[in-house]
Amino acid sequence: GMADGSPVALRASISDAVGAAWARAWGAEAIGLVRSEYLCPRGARAPDRAFYHQALGRLADAAAPLPVTVRLLDLAPDKAPPWLGRPSGFGASLGRHGSRLFDDEPARGAMQAEAGALAELAGRLPLSVLVPYLTDVAEFRRWRAELAGILPATLPVGAMLETPAAVQEVAAFQALGEPVGIGCNDLMQAFFAADRDVPEVAALLNPYAPAMFRFLGRAAEAAGAGAGRVMLCGLLPQMPGLLPVLLGLGFRTFSVEPALLPHLARTVAATDPAEARRLAVAVMAARESGEVQAALGLPPGSPWQVA
């Protein structure tokens, strides 16, 4: 917890059973995010229910007794498995990713196979599910209804918010179902209109840009009492100096790389909530990223040089 004892949840983002074991060893309180698109059979064959049952079961057993949240396969151009081929609309950075692919084969069959395996495992393991890459609440309602035909009612199904439109509606997503996570990497890509795989614009993905914190601050405000349960994932909570800012905005749940857990736990323990709030207000009031870096005691220049 924080310096005053306020609870903060530090969870781990992983891709396999090895990561699950590391998460437990480094003190994660849960597996906040399984990037299940990285679970892939050998060769070019698509994953089936038996494959997912074995892979997810092994992962959850390695994490035991920690609860595990699995993001349904969040396929994107930078992590395209060989079995997927090239679906229509898939190549663009703001094209068809995640759940936007779930209407068409072969992604649809893989998603249903994964959900079926999760249904089989749910009886013996503490699992929950996130639907990836949503834009509006109607999409979430639609996929929750479809998954209700596969998953037991006891298995929580929540939303992964990776677009500005979805993050802005965080309270509406929480009202429909939790857990709710914010995928900061994809969010930043859409927010700054900069493809992270295009080197010429990569510098625009600035984790110290005050506009990003004003946006996240409004999202936390919209979530109200639920802000502490919104799970921030990706690079942002891991960047130097930023965890206290995010705590100051009102976020209390984070999913990060397992090896960073001890360092971030020390940061949390040293953070006073009132000081964090003052810092967050200062960051939101800044005019440019250099002011944010100065407020955080970081050197000027490219933020990627201090990572």
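Okay, so let's go over this structure. Everything numeric here is computed off the predicted structure, so don't read it as measured data. (Residues numbered from 1 in each chain as written. Predicted model: local features only at pLDDT ≥ 70, side-chain atom pairs only at ≥ 80, totals over all residues. Heavy atoms only, no water.)

**Some thoughts on unusual backbone geometry**
Of note, the amide linkage connecting A64 to P65 takes the cis form, showing an omega dihedral of 10 degrees. Mapped onto the elements, P65 comes out in the loop between α2 (49-63) and β3 (68-71). Cis geometry is adopted by the peptide bond preceding P179, which originates at E178 and carries an omega value of 10 degrees. Unusually for a residue other than glycine, Y133 sits at a positive phi of about 55 degrees. Mapped onto the elements of the fold, Y133 is located in strand β4 (residues 127-134). Unusually for a residue other than glycine, A193 sits at a positive phi of about 50 degrees. As for its position among the elements, A193 is in the loop between α7 (184-191) and α8 (210-223). On the accessibility criterion, A193 (64% relative accessible area) is exposed. (Helix = DSSP H or I, 4+ residues; strand = E, 2+ residues; numbered from the N terminus. Buried < 20%, exposed > 50% of the residue type's maximum accessible area, 1.4 Å probe, protein only.)

**Quick notes on the packing of helix α1 (residues 17-25) against α2**
Remark: α1 packs on α2, axes separated minimally by 7 Å, with the N-to-C direction vectors making an angle of 15 degrees. Relative to α2, the element α1 lies roughly parallel. By crossing handedness, the relation of α1 to α2 is classed as right-handed. Contacts between α1 and α2 pair A17, A20, A21 and R24 from the former with R58, L59, D61, A62 and A63 from the latter. Here the residues of the contact of α1 with α2 sort into six nonpolar, no polar and three charged. (Axes fitted to C-alpha atoms, helices over the stretch in contact; angles between N-to-C directions. Parallel < 35°, antiparallel > 145°, perpendicular 65-115°, else oblique. Left-handed = near helix turned anticlockwise from the far one by under 90°. Contact = heavy atoms within 4.5 Å. Nonpolar A, V, L, I, M, F, W, Y, C, P; charged D, E, K, R; others polar.)

Remember, this is a structural readout, not a statement about activity or role.
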